[in-house]
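Structural characterization, general
In case you want the letters, here they are:
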Amino acid sequence: MAACTTPVLVVGAGPTGLTAALTLAQNDVPVRIIEQELQHRRGQRGPGIQPRTFEVFHFLRVPEINERATFVLPLQEHNKGSLEALKTFTVSPYTEPTPSIPYYNPKLIGQQTLEAILREHLAKFGCTVELGTRLASFTQDYQCVRAKIVKHRTDQAEVVEEVVEAAYLIGADGARSVTRKQLQLTFGGSTWEGTRIVLGDIRLELKGLDREHWHHFGTISQEMISLRPTDELGKDGYQLLITSRVRELKGLAQDEEALMNCIKELIGLGDDVKVKEVMWASEFRPNMRMVDKFGVGRVFVAGDAAHVHSPTGGQGLNTSVQDALHLCWKLALVYKGLSPASLLDTYTAERLPVITEMLGLTTEILKRMHGESKVEGAQSSTDGKDDAKVESNLEHMKHRGKNMFMLGVNCRTSPIVVDEFAPASTPGVTVVHSAYGNIEEGIFRAGDRAPDAPDLVLVANSNRAASNASGISTLRGKELGSTRLFNIFAPTYHTILIFAPTLADPVVSSVLAALQQCVPKNTLVRPLVVLPDTLPDLHKGVETSSTLDQTSGVEVLVDQAGHAYRGYLIEQDEIKVIAIRPDGVVGAIVRSAKGLERYFDGVFEKRDVGTGEVL
């Protein structure tokens, strides 16, 4: 590993590659990120951010994405040639956030804005994107990846070749991934050859067209243009999407004049429509494809390099960002020699079921949009009756279930999660498991997302505690303040939640002692003892035993409002130990130190207790 000049080479600087690089940088793993484009990409592209992805950015300490994103506007349907609203409806009705789900609504932010924010955070670690640099080829052996990269010095043809020796390579290089092709991974699925979609960003002026709605002109069964106002592009900026079953769209995105004329024609209001600028445009055919594994040896793929699908459902960027975090917390541990290489095998094991279900869901939405409307009798005609059916079909097609929020995405069947509270399987009974389900009230399993919990009062921190002569520390709650779990979770360590009725319970001390033995470095875990809100006046302080004081990094929290105990389904006087992984997923739900040791045996290298050497 030391012989490699670059610890990790990330190929591609879209949301996937930037998230991967940022996760590695936060884990103190040097990273080099290259991008073949000469300039940073333009375009709103896929702007939908789902609640689970906002959680990921929270863990990565990138608050600006949520702060700058906007809620999805109500949709408004129009006949071609009219600004009169036929119907107005909401795609995603607002859901009030809860203590356990603080991000409960999808929002929109242009991809170019999101990428700029991520680049700013990455630059804080001294890492910048190398533009005009592409991956040409690579070879690998058990020690290293040798990647040949080609750098364009200017907009001209002058190039410089370089061979990079990297410990690992992450291919985040999109649907035409060189990485995937070099690995010879299968990319099974289908392409809708007869369907084309044009996506773009424009500046447009049309008197009477408000900016409080997402406007749709025309009908799904014939042709339709949608215009989504976004101030990211200016006060006259819109993201457009064009679909047609009666018009040839091939080449339209490359012909600016033809595209402008098409926009005016589809809106149908003649010279009242003034297309002032085409800022960016692209066309594509819906592809639904995925790899059969996410890596070979020291080389991995993520995002569009691993799976492509219809843009319907707004899952693509979100799934890609989650791929990156999922892979890179594991990669950081393996690179540092703290975890076995087999931990990286779980990247495929855990993500493959998720992506398989995601492709099925988004493809079904696409079929509703393009293929099955006629089955439902929603064909268009010149009379208003069939138009009404089409309107209803548009609303039906745009409807999204809460499973698309991705809060129910899980890896319950992972070989490394441990759940001592899961119901025992019944012989002869097959349980159908969904990796892309909804959050189920009263059900909480290892492999699920970890809920948030605000209003936790920090009453003791062994790093700050000073013991008196009797070995007892007293810390006042008002001195340490309150926090929430999402502000504690981070991509650099496991968070260990020890729910116990009192600090004196022997399980508390045994779990803390076990962490000292089974975790190679104290900084890899953050243990928290979470006490119920049954203490007397917090301002009088909490006594902590000498055992707790001698254990570095332990914090004691009181669940003042009961959110943690409710969210994690902790009964009164129950003892439960929960390990939260660096990606905000529950790795283990166990009763004691023994169960926790079993979980960490699957994550970290086993070491000799006396020497600390890897066994």
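Starting afresh in each chain, residues are numbered from 1 along the sequence in its written order. A pLDDT threshold of at least 70 governs which residues receive local features in this predicted model, and a stricter bar of 80 or more applies before side-chain atom pairs are shown or counted, although totals over entire chains, interfaces and linings include all residues. Only hydrogens and water are set aside when side-chain values are computed; all heavy atoms of the structure are taken into account.

Looking at unusual backbone geometry
- Unusually for a residue other than glycine, Gln184 sits at a positive phi of about 60°.
- Its location among the elements puts Gln184 in the loop between helix H5 (178-183) and strand S12 (187-191).
- A positive phi angle is found at Met406, which is not glycine, with a value near 70°.
- Among the secondary structure elements, Met406 is positioned in the loop between helix H9 (384-398) and strand S22 (418-419). Helix and strand assignments come from DSSP, with helices taken as H or I runs of at least 4 residues and strands as E runs of at least 2, each series counted from the N terminus.

Re the packing of aromatic side chains
- Side-chain rings of Phe, Tyr and Trp (the six-membered ring for Trp) are treated as a pair once their centres are within 6.5 Å; stacked means planes under 30 degrees apart, edge-to-face means over 60, and tilted covers the remaining angles. Within the structure shown, the criterion is met by 13 aromatic pairs.
- Ring plane angle 75° and centroid distance 6.4 Å describe the contact between Tyr104 and Phe405, whose orientation is recorded as edge-to-face. Note that Tyr104 is positioned in the loop between strand S6 (87-89) and strand S7 (107-108) and Phe405 in the loop between H9 and S22, a separation of 301 residues in sequence.
- Remark: exposure states derive from per-residue accessible area (1.4 Å probe, protein chains only) relative to the maximum for the residue type, with buried under 20%, exposed over 50%, and partly exposed in between. Taking relative accessible area as the criterion, Tyr104 reaches 16% and is therefore assigned buried.
- When the centroid spacing of 5.3 Å and the interplanar angle of 80° are considered together, the rings of Phe444 and Tyr568 count as edge-to-face. Of this pair, Phe444 sits in the loop between S22 and strand S23 (456-461) while Tyr568 is found in the loop between helix H13 (563-567) and strand S30 (576-580), placing the two residues 124 residues apart along the sequence.
- Looking at Phe444, the relative accessible area reads 10%, which means it is buried.
- Criterion for a charge above a ring: Lys NZ or Arg CZ within 6 Å of the ring centre, and within 35 degrees of the ring normal. Taking the ring centre of Tyr104 as reference, the NZ or CZ of Lys402 above it sits at 5.0 Å.
- Against the face of Phe421 rests Arg591, its NZ or CZ located 4.3 Å from the ring centre.

Here's the deal with empty space enclosed by the protein
- Method remark: on a 1 Å grid restricted to protein atoms, a set of points is classed as a cavity if a 1.4 Å probe fits but cannot get out and as a pocket if it is open with protein on both sides within 12 Å along at least five of seven lines; lining residues have an atom within 4 Å of a point. Grid points are joined across faces, edges and corners, and a volume is the space filled by probe spheres set on the points. Inspection of the entire model under this criterion finds five cavities of 30 Å³ or more.
- One number sums up the size of the largest cavity: a volume of about 170 Å³.
- In this structure, the largest cavity is lined by 15 residues; those nearest its centre are Gln322, His326, Arg351, Val409 and Val585.
- Residues are grouped as follows: Ala, Val, Leu, Ile, Met, Phe, Trp, Tyr, Cys and Pro are nonpolar; Asp, Glu, Lys and Arg are charged; all remaining types, including Gly, are polar. A breakdown of the residues in the lining of the largest cavity according to their chemical character gives seven nonpolar, four polar and four charged.

Topic: the nonpolar core
- Buried Ala, Val, Leu, Ile, Met, Phe, Trp, Tyr and Cys residues that are joined via side-chain atoms within 4.5 Å together make up what is termed a nonpolar core. Of all hydrophobic cores here, the largest spans 144 residues; its most connected members are Tyr568, Ile578 and Phe600.
- Considering each element in turn, this core owes the most residues, twelve residues, to helix H7 (residues 316-335).
- If sequence neighbours within four positions are ignored, Tyr568 has contacts with Phe444, Ala450, Pro451, Leu485, Phe489, Leu497, Phe499, Lys576, Ile578 and Ile580.
- Formed by 23 residues, the second largest nonpolar core is a distinct cluster that contains Leu204, Leu249, Val273 and Val275. Here, residues are in contact when the closest pair of their heavy atoms is within 4.5 Å.

Description of the pairing of strand S18 (residues 287-291)
- In short, DSSP must find at least two bridges between two strands for them to pair. Here S12 pairs with S18 via five bridges, running antiparallel. Along S18, the bridge assignment pairs Ser190 with Met288.
- Of the pairings in the sheet, the one linking S18 to strand S21 (residues 307-308) comprises two bridges and is antiparallel in character. Of the residues in S21, the one forming a bridge with Met290 is His307.

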